[in-house]
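# Chains, contacts and geometry: an overview
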Amino acid sequence: MPSYEFRCRSCGDTFEVNRPMAQASDPAHCPHGHDDTVKLLTTFATTGRAAAPAVSAPAASAGGCCGGGCCA
C-alpha cells in the first residue's frame with residue numbers, strides 16, 4: 001500500500017498516511033487533530049544494475065591528417 005506524506009498547516013507537523021491509490025487525493029487529518037493539511041510531493045529514485053554494461057562504439061576514423069593517423 002502506498003505511503004503519502006502530508007504537512008499540517010496549523011502546527012507544521014509532517015506525517016505519513018498509508019492508503020490505497022484510489023484514496024490518494026482524499027484529505028488527511030493531522031495526528032494532533034487538525035484538519036488543515038496539504039499533501040506533499042514525494043519523489044524517489046531507483047538505482048540498480050543493468051543486465052549488461054553499455055558498450056560504446058569505437059570512434060570512427062575520419063581519414064585525412066590526424067584523423068587517420070598519418071601525422072607522425
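Placed above this text is the structure.
Here we summarise the structure given alongside this text. As the structure is a prediction and not an experimental result, all values here were calculated from the model.

The rules we used
- Residues numbered from 1 in each chain as written.
- Predicted model: local features only at pLDDT ≥ 70, side-chain atom pairs only at ≥ 80, totals over all residues.
- Heavy atoms only, no water.
- Buried < 20%, exposed > 50% of the residue type's maximum accessible area, 1.4 Å probe, protein only.
- Helix = DSSP H or I, 4+ residues; strand = E, 2+ residues; numbered from the N terminus.
- Pairing = 2+ DSSP bridges.
- Axes fitted to C-alpha atoms, helices over the stretch in contact; angles between N-to-C directions.

### What about the pairing of strand β2 (residues 14–18)?
Taking every second residue as pointing to the same face, the buried face of β2 carries Phe 15 and Val 17, while none of Thr 14, Glu 16 and Asn 18 on the other face is buried. Bridge count for strand β1 (residues 3–8) against β2 is five bridges, and the pairing is antiparallel. Each bridged residue has a counterpart across the sheet, and for Tyr 4 the counterpart in β2 is Val 17. What sits between β1 and β2 in their antiparallel hairpin is a turn of five residues, with Gly 12 showing a positive phi close to 85°.

### Notes on the sheet that holds strand β3 (residues 37–39)
In space, the three strands of this open sheet follow the order β2-β1-β3, with antiparallel pairing throughout. Either end of the sheet is taken by a strand with one partner, and the two such strands are β2 and β3. Neighbouring strand axes in the sheet, compared pairwise and without regard to direction, differ in orientation by 35° on average. In this structure, β1 lies alongside β3, joined through three bridges in antiparallel fashion. Residue pairing across strands places Cys 8 opposite Thr 37, the latter belonging to β3.

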